[in-house]
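In case you want the letters, here they are:
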Amino acid sequence: GQNAKIGADTVIYSSVTIREYCEIGARCVIHASAVIGADGFGFEPDEQGVNRKIPQIGIAVIEDDVEIGANSCVDRAMMGETRVKRNVKVDNLVQIAHNCEIGESTFLCSQVGIAGSTKIGAHCTLTGQVGVAGHIQVADHTTAGAQAGIAGSVRKPGQTIIGSPAYDAKAWSRATAVFKMGPTLMAELRDLKKEVEAMKNDK
């Protein structure tokens, strides 16, 4: 696109689209069919309930040494910039929405989706199919397990979280073990209830 900037030694594979005014740093790798700087998903219903487009006039900035997988999308900002910081590694089929910021050396695995205006810290790992809500912050060194749904800010650095809504992985594992026992526990509870009722009737 017009006035796009691409740094030295960056490799861009077939069918990549880099939209106007967007910036790609040095030594990046952009794999096939990735899109940098598509319009963010910005609409607002008018008084008649018709969805009207909000102009997306910002840019997307990819810093040095970033790799972006095939068919991934980094949307341009509504205003300002969407920024992917240095040494971030993005897998295939990842969505980074408008006005997001991805911290240095973070990994985004396949099918991660990050909603608008969210800040992901440095050295994070979001594994496959993690979904992140908009307008929140995820602290540095956070690891999110597969299919985690991060609905609110993660403020304590270094946590491992999983589940939807996502929370501490060890607590989630204990809760999952109880959940699996649910049908058995319910059957036992019904039997106990019958025994209590029988004891009441005997009295």
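Structural data are supplied above this passage.
Residues numbered from 1 in each chain as written. Predicted model: local features only at pLDDT ≥ 70, side-chain atom pairs only at ≥ 80, totals over all residues. Heavy atoms only, no water.

Undergrad: Can you explain helix α1 (residues 169-180)? Please cite residues and give values.
TA: Compared with the 16 Å implied by 1.5 Å per residue over twelve residues, the 16 Å span of α1 between its first and last C-alpha is a close match. Capping the start of α1, D168 holds a side-chain oxygen 3.2 Å from the backbone nitrogen of K170, two or three residues further along. (Helix = DSSP H or I, 4+ residues; strand = E, 2+ residues; numbered from the N terminus. Expected span 1.5 Å × (residues − 1). Polar contact = N/O pair within 3.5 Å; in protein donor to acceptor, adjacent residues only side chain to side chain.)

Undergrad: Let's hear about the sheet that holds strand β12 (residues 81-84): which residues, and what values?
TA: As summarised here, the arrangement of the seven strands in space is β1-β4-β9-β12-β15-β18-β21, forming an open sheet in which the pairing is parallel. In this open sheet, the two edge strands, each paired with only one partner strand, are β1 (5-6) and β21 (137-138). Here two bridges tie strand β18 (residues 119-120) to β21, and the two strands are oriented parallel to one another. Of the residues in β21, the one forming a bridge with K119 is Q137. (Pairing = 2+ DSSP bridges.)

Undergrad: Describe the nonpolar core, naming the residues involved and giving the relevant values.
TA: Ranked by internal contacts, the top residues of the largest apolar core, which has 36 residues, are L126 and I150. With residues up to four places along the chain from it excluded, the contact list for L126 reads F107, L108, C109, V112, I114, I120, V132, A144 and I150. (Core = buried A, V, L, I, M, F, W, Y, C linked by side-chain atoms within 4.5 Å. Buried < 20%, exposed > 50% of the residue type's maximum accessible area, 1.4 Å probe, protein only. Contact = heavy atoms within 4.5 Å.)

Undergrad: Hey, could you go over the pairing of strand β9 (residues 59-62) for me, with residue numbers and the actual values?
TA: Burial of β9 is two-sided: the residues I59 and V61 facing one way and the residues A60 and I62 facing the other way are all buried. As paired strands, strand β4 (residues 23-24) and β9 are joined by two bridges and run parallel to one another. Its bridge partner lying in β9, I24 is registered against I62. Relative to β12, β9 runs parallel, the two being bridged by four bridges. Among the inter-strand pairings, V61 is bridged to a residue of β12, identified as R83.

Undergrad: I'd like to hear about the sheet that holds strand β11 (residues 73-74), residue by residue, with values.
TA: The parallel open sheet is built from seven strands, whose spatial order is β3-β6-β11-β14-β17-β20-β23. Two strands bound the open sheet, and with one partner strand each, they are β3 (17-18) and β23 (149-150). Looking at chain direction, strand β17 (residues 113-114) and strand β20 (residues 131-132) are connected through two bridges and run parallel. If you follow I114 over to β20, its bridge partner there is V132.

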